[in-house]
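Reading the structure
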Amino acid sequence: MTPHVRTAALALAVLLTAAACAKAEEPQSAPAATGSAGRQVVQSPSGTAGPTCTLQQFGGTAFDLRSAVVGFSQSEKEANPFRIAETKSIKDEAARLGITDLRVTNAQSQFSKQITDVQQLIAQGVRLLVIAPLNSDGWEPVLQQAAAKKIPIITVDRKINAKACSDYLTFIGSDFYEQGKRAADRMIEALDGQGKVAILLGAPGNNVTTERTNGFKDRVKEKAPGLTISFEQTGEFAREKGQQVTEQLIQSNPDINGIYAENDEMALGAVTALKGAGKEPGEIRIVSVDGTRSAVQGIADGWLHAVIESNPRFGPLAFETAQKFLNGEAIPDKVIISDRDYDTGNAEDSIGEAY
Amino acid sequence: MAELTSRQGGGRAAVLKPQVYAWVQDYGVYAAVLALLLFNVLFTPHFLDASNFRTQLVQVTPVVIVSLGMALVIGTQGIDLSVGSVMALAAALTVLYLGYGWLPALAVAVLGGAVVGAAGGALVAYVGVQPIVATLALLVGVRGLANVLVPQLVEFRNPGLIALGSSAVAGIPVIVLIAAALTAIVLFVVRRTTFGRQVVAIGGNRPASELSGLPVRRVLLTVYVISGLLAALAGVLATARLQASDPTSLGQFIELSAITAVVVGGTPLTGGRIRVLSTVMGALLMQLLAATLIKHNLPQSWTQMVQAVIILAAVYATRKRGSR
Amino acid sequence: MADDVAPVLEARGISKRFPGVLALDDVSLALRPGQAHALVGENGAGKSTLIKVFTGVYRPDGGELRYRGGPAAFGTPMEAQRAGISTIYQEVNLVPMMSVARNLLLGREPRGRFGVIDAAAMYDEAARVLAGYGVETDVRRPLRALGVGAQQMVALARAVSVDARVVIMDEPTSSLEPREVETLFGVIGRLRDSGIAVLYVSHRLDELYRVCDQVTILRDGRLAHTGPLAGLGRLDLISLMLGRDLNEVRSHGLTSFSRERHAEAARQPGDAGRAPARGPVVEARGLTRRHVLDGVDVSVRPGEVVGLGGLLGAGRTETAKAIVGALPLDGGQVLVAGAPLRAGSTSAAIRAGVSLLPEDRKAEGIIPTLSVRENIALAALPALGRAGVVSEAKIDRVVEIFMRRLRIKAASPHQLVCELSGGNQQKVLLARWLAVRPKVLLLDEPTRGIDVGAKAEVQALIDELAGEGLGVLLISSDLEELVEGADRILVLREGAVVGELAGDEVTEERIMATIAEQADG
């Protein structure tokens, strides 16, 4: 029997090594952005609004970031542009600042794994934690352990439902509701406030989905009563699902004028569907959120109308905030990034800055 | 029979019900597809457009191809949970080898699927690992492998591969024709070949098949290889259609759709019986159901609930048949 | 024993119809406390249906069921069991993975404080109860570790210990050794003494005459006879059962083996005989497997029927399985026509012409999900097609030939095999093997659990095949069958051959004596 185990193992080994003689297509996209391109910009300057937090209030002691152990807990595997850019940004900035002991974990979309990841980081003696949370709730055990050791936690891109300045330090991220509103503005502009719009929703039960939806709908209701949202179905943030739903949609609702996709992947799936159905670029206006390079290219090609950016490059801002905090400055309880947008006016020039 | 039912009432139920269940198991899926079609013709705008049927058939293709392999595996009383990951691996291999042209890339991808199938089959047939355990290990491992090979979505421009996913012959999309041809082949294999008979015999009673001199292990191995091969092909076709290779999410949960199609088609999970056309119908039923709810703009949770009800009904019908 | 005692369970004019069949037609039967009542009939006579009416599986369409003096209508088997009607089926109906003790006491485990099962008390209780049934075993082991016979005794002990007033036994002795049968009869005697009514279904006439007071004979769903057993002769009983002329039965003897061929075969070894090649067609040398087989030598010549005698667990089934490569061996070799067979390959054995009809028809024989036709063609499939594609015409031909030759009763070749009676299923399996044209057939309990008519046909077929030159290895717990069927008998005990009987030595007494002799020494 063991020969057969060996056969099976050998077969898999062959597969693994098969990649060695692989030959993919020549890359077509523009070279990667360099340096500080696409850096995050804070929307509300620190100290102007809302409660703030100082080292004294938090109750910790100052230390040198460069010689400290710093932990970063990523929530999803780096398989989509957003997560790739996010992790890369943290690592790059740490390297730039001379932080030598950065420990990075990845929870592979399993919340229980993220909790253990962070607990292990705490056990390894980290002095600062940057967390990209998979969920907003369920963090109590971790927060208690961190608070006991007075470890400041900065959460990025998603909030944790807990008390700023005591359970965690602060949150840095985009305002998803605002992104929805801005997407609505672009859609209203594209259709002159008249027509039928479909929404490709994100994964159900996700706060990003909820906020991007509510922002869009509220804005449409407020500014363009002539625009009807006649269709909303989940595309689960995935390209294939976006394509399938769009195929169904344009078949049963041929009179649709615009599609709001809650991320770029679904928008690109919608583009494939429209191409397959023989539509021309611009026939149906598409607005999406994220700002990936493929989507910005889509604007340049005329398939997308506009893309609202959700900037994943948290590194500089996160470490800047941490440094300020350690220097004794007051830190706001949330740091909201000002996201840019891409449209036909700037797409071609900005492709290099997209992630 | 109907007369007996009405005349004798409850007491007869114990005798007549098995036949009702048997009928539901054999033809229920056809009736359900017809009912759903009728509903849509009446209540869904633009349903009778040719483009609509094209859309539904194109979308159901990967599930159909995967469930053909799944039906064979389930026929042997096994299960193959690795199909979705095999699709992802095929997507990864396709794009990695696209530099040689789309046909060599397709060949490598399909070969990769066969190798994974052989690994699962060897574990099941020769080492004696339970199918659910062996293929669950592959589900996790092969998806990981695919992600290592191609960590993020990669778009491609190869015109041959794009044409495979989007061109049509006489108005019928090529990938639908491929699925139809594969269905015909599997139907032939199951009905007319020695191998097909041996597959169901092994699923029906493995010790008896061994004592009857059937090459039980070889047949089991082959069945898993076929399942891997078909899943890989489905992965290539789905990739061609998406015009991008997405090993992260391609084929996720398709094993559940395939098992559902097989079960709804009346193939019992206890093996010993394979219903190829009904399996295809089962896949179509689920596709139509999802399409109907999307077209009427109902939330996805509805689709899942209705699917759950259909699966329960199908399993119940199979169970009654089995205990007769 | 008095017939004037009021019946505890009574069927009055029961009818039961299935689509297309009238399974029971106005059948009456009265079970009285303290009596053992035999229920006999060929398969399809309605015995199973009647039992299922008694036990609440079916509801009758006509007539009345009375229990303990009042009308009864059991909705489910569970209701009947709670009311005090216990049933022991042919196939053991327990949980093989659970311990013997749990199986025996399932649902009635002794509980300690807080309702936790008191394991020690449970094991003691189980061991005590089973000792009364002649089963001495570690009750903590899983049930499947026990032999079939011991499992049957556990099932019986379980059924009886559930406060029963009526115990229905369906072929209870079919997997028991003679010693266990004695124990069973002792138990039945005790049941009668304590006023319990026993309904005893069996094909073994000896047993009926030993333990039963009353007999009811069913034929084609109707009552053929009911009354005291004492006054009814064996041949009368058989003729009532078969509905055949008494003289015809008498001229056939009790089994259907012909004495002529027997005598002829016995003469064969000496003179040159009919066939030129008289060397063994299959020869097993030194078959050895730890704890199971200990150097067994068996050989079968063309046209010879070799019987394997011995008690359950003596290694008869294992010997047969070892010959066809279905049992991994530590040592030994099988030669077919002088050439060694690849070890551990059933398909190689079949290609060489050696096939096994297994003991457990349901678990190792039929493919329940397939039709009669597919079951017959299964082993011969590679020969019934070209390049891996089957030829339906060839299959049809083979199936038709064997269905006719073996008189397989099925609605059509496409009927599911699991819908046939036991006897017809057995014939389907015989057909499966005959279709591959074997040189030697190993028959493990070929007539177990099948009705008298089918049994006679199978026995006659064995005779006929041997007459045509087929070698047969016959395993049977039915000594009568073994003696009348076999030309030569090897007696096994604890995995070794302890005696060989040939010619005039082939008698039931000598077999018993051989087993007993060795047991003493």
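No experiment lies behind these values; they were computed from the predicted model shown. (Residues numbered from 1 in each chain as written. Chains lettered and ligands numbered in written order. Predicted model: local features only at pLDDT ≥ 70, side-chain atom pairs only at ≥ 80, totals over all residues. Heavy atoms only, no water.)

**So, the overall build of chain A**
Defined as follows: Only runs of H or I of at least four residues qualify as helices and only runs of E of at least two qualify as strands under DSSP, and these elements are numbered from the N terminus. Should any heavy atoms of two residues lie within 4.5 Å, those residues are counted as being in contact. Calculation of accessible area relied on Shrake-Rupley with a 1.4 Å probe; when residues are assessed, cover is drawn exclusively from the protein chains displayed.
Within chain A, the secondary structure is distributed over 12 helices and 14 strands. Put simply, of all contacts in chain A between residues at least 6 apart along the chain, 75% involve residues at least 24 apart. For chain A, the exposed surface amounts to about 14,600 Å²; the carbon and sulfur share of it is 50%.

**So, the interface of chain C and chain B**
Short version of the rule: Buried area adds together the accessible area that both of two parts lose upon being put together, with accessible area traced by a 1.4 Å probe. Any carboxyl oxygen of Asp or Glu within 4 Å of a side-chain nitrogen of Lys or Arg constitutes a salt bridge here. Contacts described as polar in this section are N or O atom pairs within 3.5 Å, which, within protein, must combine one atom able to donate a hydrogen with one able to accept it, while residues neighboring in sequence count only if both atoms come from side chains.
Taken residue by residue, the interface counts 36 residues in chain C and 27 residues in chain B. Contact between chain C and chain B buries roughly 2,400 Å² in total, counting both sides, with carbon and sulfur atoms accounting for 60%. Taken together, the links from chain C to chain B amount to 3 salt bridges. Where chain C touches chain B, the interface holds 10 residue pairs in polar contact (both at pLDDT 80 or more).

**Comments concerning the sheet that holds strand β11 (residues 306-309) of chain A**
Residues and elements named next belong to chain A. Threshold: Strand pairing requires that DSSP identify at least two bridges connecting the strands. Whenever a helix is involved, its axis is fitted only over the stretch in contact; in every case the axis is a line through C-alpha atoms, and angles between N-to-C directions fall within 0 to 180 degrees.
Across the sheet, which stays open at both edges, the 6 strands sit in the order β8-β7-β9-β10-β11-β14 with mixed pairing between neighbours. Whereas interior strands pair on both sides, the edge strands pair on one side only; in this sheet they are β8 (227-234) and β14 (341-343). For this sheet the average axis-to-axis angle between neighbouring strands, irrespective of direction, equals 15°. Bridging between β11 and β14 involves 3 bridges; their strand directions are antiparallel. Bridge pairing links V307 to Y342 in β14. In the packing of helix α6 (residues 176-191) onto the sheet, contacts are made with β7 (195-201), β8, β9 (258-261), β10 (285-290), β11 and β14, and the angle to β10 comes to roughly 160°.

**What to know about unusual backbone geometry**
Although it is not a glycine, S109 of chain A sits at a positive phi angle of roughly 65°. The residue S109 of chain A is located in the loop between β3 (101-106) and α4 (111-123) in this model. Positive phi values are uncommon outside glycine, yet Q243 of chain B reaches one of about 60°. Along the chain, Q243 of chain B falls in the loop between α11 (216-242) and β4 (244-245).

**Some remarks on the interface of chain B and chain A**
Between chain B and chain A, the contact holds 51 residues from the first and 44 residues from the second. Between chain B and chain A lies a buried interface of about 4,200 Å² when both sides are counted; carbon and sulfur atoms form 54% of it. One can count 2 salt bridges joining chain B with chain A. The shortest N-O distance in the salt bridge between E247 of chain A and R241 of chain B comes to 2.6 Å. Elements supplying a minimum of two residues to the side of chain B that touches chain A: α3 (50-75), α4 (83-96), α5 (102-127), α6 (131-149), α11 and α13 (276-295) of chain B.

**Description of the side chain of Q56 of chain B**
Stated precisely, the cut-off is as follows: Each residue gets one of three labels from its accessible area relative to the maximum for its type: buried under 20%, exposed over 50%, partly exposed in between, using a 1.4 Å probe on protein chains only.
Considering the arrangement of structural elements, one finds Q56 of chain B in helix α3. Of the residues examined, Q56 of chain B reaches a relative accessible area of 4% and is grouped as buried. If we skip the residues at most four places from it in the chain, Q56 of chain B touches Q248 of chain A together with Q287, A291 and K295 of chain B.

**What to know about the pattern of salt bridges**
This structure, assessed with the given rule, holds 50 salt bridges over all chains. With a closest N to O distance of 3.1 Å, D157 of chain A and R83 of chain A form a salt bridge. Placement of the pair is D157 of chain A in the loop between β5 (153-156) and β6 (170-173) and R83 of chain A in helix α3 (residues 81-97), with a sequence separation of 74 residues. In this structure, E155 of chain B engages R239 of chain A in a salt bridge whose closest nitrogen and oxygen atoms are separated by 3.0 Å.

**Things to note about the confidence of the model for chain B**
In plain terms, the rule: A residue's pLDDT is the confidence the predictor assigns to it, expressed on a 0 to 100 scale.
Considering every residue of chain B, the mean pLDDT works out to 88; 92% of them sit at 70 or more. Low pLDDT, under 50, characterises residues 1-15 of chain B; the stretch is placed with 14 contacts to residues that sit more than four places away or in other chains.

**Overview of the packing of aromatic side chains**
Definition in use: A pair of aromatic rings is counted whenever rings of Phe, Tyr or Trp (Trp by its six-membered ring) have centres within 6.5 Å, and the orientation is called stacked for planes under 30 degrees apart, edge-to-face for over 60 and tilted otherwise. Any Lys NZ or Arg CZ found within 6 Å of a ring centre and within 35 degrees of that ring's normal is scored as a charge over the ring.
Enumeration over the complete set of coordinates arrives at 8 aromatic pairs over all chains. Centroid distance F39 of chain B to F43 of chain B: 5.0 Å. Interplanar angle 45°. Geometry classified as tilted. On the criterion of helical spacing, the pair formed by F39 of chain B and F43 of chain B is a turn pair, its members being 4 residues apart in helix α2 (residues 13-43). Exposure remark for F43 of chain B: the relative accessible area of 52% places this residue in the exposed category. Each ring, one from Y97 of chain B and one from Y100 of chain B, has its centre 6.1 Å from the other, and the planes form 25°; the classification is stacked. Sitting over the ring of Y123 of chain C, R140 of chain C keeps its end group 5.8 Å from the ring centre.

**Digging into the environment of G203 of chain B**
Residues and elements named next belong to chain B. Along the chain, the position of G203 falls in helix α9 (residues 194-204). Looking at G203, the relative accessible area reads 1%, which means it is buried. Taking C-alpha positions, G203 is 7.5 Å from R273, a pair spaced 70 residues apart along the chain. Ignoring anything within four residues of it in the chain, the contact list for G203 reads G75, T76, Q77, T270, G271 and G272.

**What about the sheet that holds strand β14 (residues 331-336) of chain C?**
Pairing between the strands of a sheet comes from backbone hydrogen bonds, and it takes one of two forms, parallel or antiparallel. Ordered in space as β12-β11-β14-β15 (chain C), the 4 strands form an open sheet in which the pairing is antiparallel. If you trace the sheet from one side to the other, it starts and ends with β12 (293-300) and β15 (339-340) of chain C, each paired once.

**Observations concerning the confidence of the model for chain A**
Residue and element names in this part refer to chain A. In the predicted model, chain A carries a mean pLDDT of 85, and 89% of its residues have values of at least 70. Taken element by element, chain A is modelled with least confidence in helix α1 (residues 2-18), mean pLDDT 60, and with most confidence in β9, mean pLDDT 95. Confidence drops under a pLDDT of 50 for residues 30-35, and excluding neighbours within four residues, the segment shows 7 contacts in the predicted structure.

**Here's the deal with a nonpolar patch on the surface**
All names here are of chain B. Spelled out, the test is: Every patch collects residues that have over 30% relative accessible area and no salt bridge, joining them within 9 Å if they carry like charges and within 5 Å if they are nonpolar side chains (Val, Leu, Ile, Met, Phe, Trp, Tyr).
A surface patch of nonpolar side chains, about 700 Å² in accessible area, is lined by L38, F39, V41, L42, F43, L48 and F53. Sorting elements by how many residues they give to the nonpolar patch places α2 first, with 5 residues. With respect to the helices and strands, V41 occurs in helix α2.

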